[in-house]
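Chain and residue survey
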Amino acid sequence: MTDIIAMHSAEPVIFGVVKIVWKDGFAGIVDLRPLLAKGEMFEFLRVNPARFDDLKGDEIDFGSDSLRQRAERQAGLLHLAS
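**Overview of a nonpolar patch on the surface**
A cluster of nonpolar side chains, namely V13, I14 and I29, defines an oily patch on the protein surface of about 260 Å² accessible area. Along the chain, the position of I29 falls in strand 3 (residues 27-31). When its relative accessible area of 42% is taken as the criterion, I29 is described as partly exposed.

Rendered as structure tokens:
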């Protein structure tokens, strides 16, 4: 099992997209728009997208390890596409 690396900071880029820096120095962009587009849990953001701008790193409820995996996977896809 790998150690979970905590997030150092998180800031919104555009609605549904977050730039995260982890405490080990890795930085990545995570696109959460597919997740935010469905379900009642995120209805408050879809109704008022400006609330996403109030994002704070300690309020992200996806888990640091899950977000890290998404960031690494999305970075890999971007690299392949370029």
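**So, the packing of aromatic side chains**
Within this structure, the stated rule accounts for two aromatic pairs. Relative to F52, the ring of F15 lies with its centre 5.5 Å away and its plane at 65°, an arrangement referred to as edge-to-face. Of this pair, F15 sits in the loop between strand 1 (7-14) and strand 2 (17-22) while F52 is found in the loop between helix 2 (43-47) and helix 3 (64-81), placing the two residues 37 residues apart along the sequence. Using a relative accessible area of 30% as the deciding quantity, one classes F15 as partly exposed. The interplanar angle of 45° and the centroid separation of 5.6 Å between the aromatic rings of W22 and F26 together place this pair among those described as tilted.

**Observations regarding the side chain of R68**
If you trace the backbone, R68 turns up in helix 3. Residues within four places of R68 in sequence aside, it is in contact with I5, W22, D24 and F26.

Reading guide: rules and limits
- Residues numbered from 1 in each chain as written.
- Predicted model: local features only at pLDDT ≥ 70, side-chain atom pairs only at ≥ 80, totals over all residues.
- Heavy atoms only, no water.
- Patch = residues over 30% accessible without salt bridge, like charges linked within 9 Å, V, L, I, M, F, W, Y side chains within 5 Å.
- Areas by Shrake-Rupley, 256 points an atom, 1.4 Å probe, with all protein chains shown as cover.
- Salt bridge = Lys/Arg side-chain N within 4 Å of Asp/Glu carboxyl O.
- Helix = DSSP H or I, 4+ residues; strand = E, 2+ residues; numbered from the N terminus.
- Buried < 20%, exposed > 50% of the residue type's maximum accessible area, 1.4 Å probe, protein only.
- Phe/Tyr/Trp six-rings, centres within 6.5 Å; stacked < 30°, edge-to-face > 60°.
- Contact = heavy atoms within 4.5 Å.

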